[in-house]
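Secondary and tertiary structure notes
Chain by chain, the residues:
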Amino acid sequence: SPLSILGSEIMNSATAALLLILTSPFVFELTDVVSSLDEPSSLLIQGNDLHIAELRRVIKVDLSDTNEAPSVIFAEVSNGAHLLLDGNDLYIALFADQAVVKIDTTQTNAIPETVVTGVFGANGLAIRDNVLYIAESTEGTISCVDLSQSNRVVTDVVTGLDFPNALLLIQDELYFHEVTADK
């Protein structure tokens, strides 16, 4: 079935859900896991590992060992990144470098593999059925690339957007927001 693209239509229910969570009677204790971050832009958890994209690097923090210092797993970020985990593959959207790379998280000192280049302002990722969706924020598009192909061609899915960001795929629906359009 075709992929549905939803933007501002879902924001009212999403906003309501967020408010419900924030105004619920739960009390949370805040704990610093890692400090001295340089403009963190994305994070995700894989088992006991917390991956954090910063302005110039991606680090990994072992949540089960509070004494272990964060380790740098990718040091070639030039202006922030967005992270996506698919199995053991950590995809890193490189905003300023116009590329997406991936790292096998099971490998020590893994060498990043370039997945695709020529994606402008890559700032959000989603994956399904071996198709990687990329929010190209500075181009105002959401594009995709078939990862099963050796000659990967970037194809526009939606154009004419205002700084699309933060992709989320749920079944056949692709959710995103447009930062500068406030929706």
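Here's what I pulled together on the structure shown here.

1. Some thoughts on a nonpolar patch on the surface
On the surface, a cluster of nonpolar side chains totalling about 250 Å² of accessible area is made up of Val33, Ile45 and Leu63. One can find Val33 in the loop between α1 (11-22) and β2 (42-46). Among the residues examined, Val33 registers a relative accessible area of 48% and is labelled partly exposed.

2. A closer look at the sheet that holds strand β5 (residues 71-74)
One open sheet accounts for 4 strands, arranged β2-β3-β4-β5; its pairing is antiparallel. Here the strands that pair on one side only, and so sit at the sheet edges, are β2 and β5. Adjacent strand axes in the sheet meet at a mean angle of 25°, parallel and antiparallel pairs treated alike.

3. Regarding the nonpolar core
With 14 residues, the main nonpolar core has Tyr91, Val100, Leu125, Leu132 and Ile134 as its most contacted residues. Taken together, the elements giving at least two residues each to this core come down to β7 (89-94), β9 (113-117), β10 (122-128) and β11 (131-136). In terms of residue count, β10 provides more of this core than any other element does, 3 residues in total. If you look at the next biggest cluster of nonpolar residues, it comprises 13 residues, including Leu44, Phe74, Ala81 and Leu90.

4. Considerations on the environment of Gly87
Relative to the elements of secondary structure, Gly87 occurs in the loop between β6 (81-86) and β7. The class of Gly87 is exposed, set by a relative accessible area of 55%. Separated by 41 residues in the primary sequence, Gly87 and Gln46 have C-alpha atoms spaced 9.2 Å apart.

5. Notes on the side chain of His51
By the secondary structure assignment, His51 is in strand β3 (residues 49-53). Looking at His51, its side chain comes within polar contact range of the side chain of Gln46, at 3.2 Å. If we ignore the near neighbours within four places in the chain, the residues touching His51 are Ser42, Leu43, Leu44, Gln46, Ile59, Lys60, Ile73, Leu83, Leu90 and Thr105.

6. Looking at the pattern of salt bridges
Applying the stated criterion across every chain, the model contains 6 salt bridges. Taking the shortest distance from any N to any O, the salt bridge between Asp38 and Arg56 comes out at 2.9 Å. Here Asp38, found in the loop between α1 and β2, pairs with Arg56, found in the loop between β3 and β4 (58-62); they are 18 residues apart in sequence, far enough to count as distant. What makes Asp38 partly exposed here is its relative accessible area of 30%. Using a relative accessible area of 48% as the deciding quantity, one classes Arg56 as partly exposed. For Glu178, the salt bridge is made with Lys183, and the minimal N-O distance between the two is 3.9 Å.

Reading guide: rules and limits
- Residues numbered from 1 in each chain as written.
- Predicted model: local features only at pLDDT ≥ 70, side-chain atom pairs only at ≥ 80, totals over all residues.
- Heavy atoms only, no water.
- Patch = residues over 30% accessible without salt bridge, like charges linked within 9 Å, V, L, I, M, F, W, Y side chains within 5 Å.
- Areas by Shrake-Rupley, 256 points an atom, 1.4 Å probe, with all protein chains shown as cover.
- Salt bridge = Lys/Arg side-chain N within 4 Å of Asp/Glu carboxyl O.
- Helix = DSSP H or I, 4+ residues; strand = E, 2+ residues; numbered from the N terminus.
- Buried < 20%, exposed > 50% of the residue type's maximum accessible area, 1.4 Å probe, protein only.
- Pairing = 2+ DSSP bridges.
- Axes fitted to C-alpha atoms, helices over the stretch in contact; angles between N-to-C directions.
- Core = buried A, V, L, I, M, F, W, Y, C linked by side-chain atoms within 4.5 Å.
- Polar contact = N/O pair within 3.5 Å; in protein donor to acceptor, adjacent residues only side chain to side chain.
- Contact = heavy atoms within 4.5 Å.

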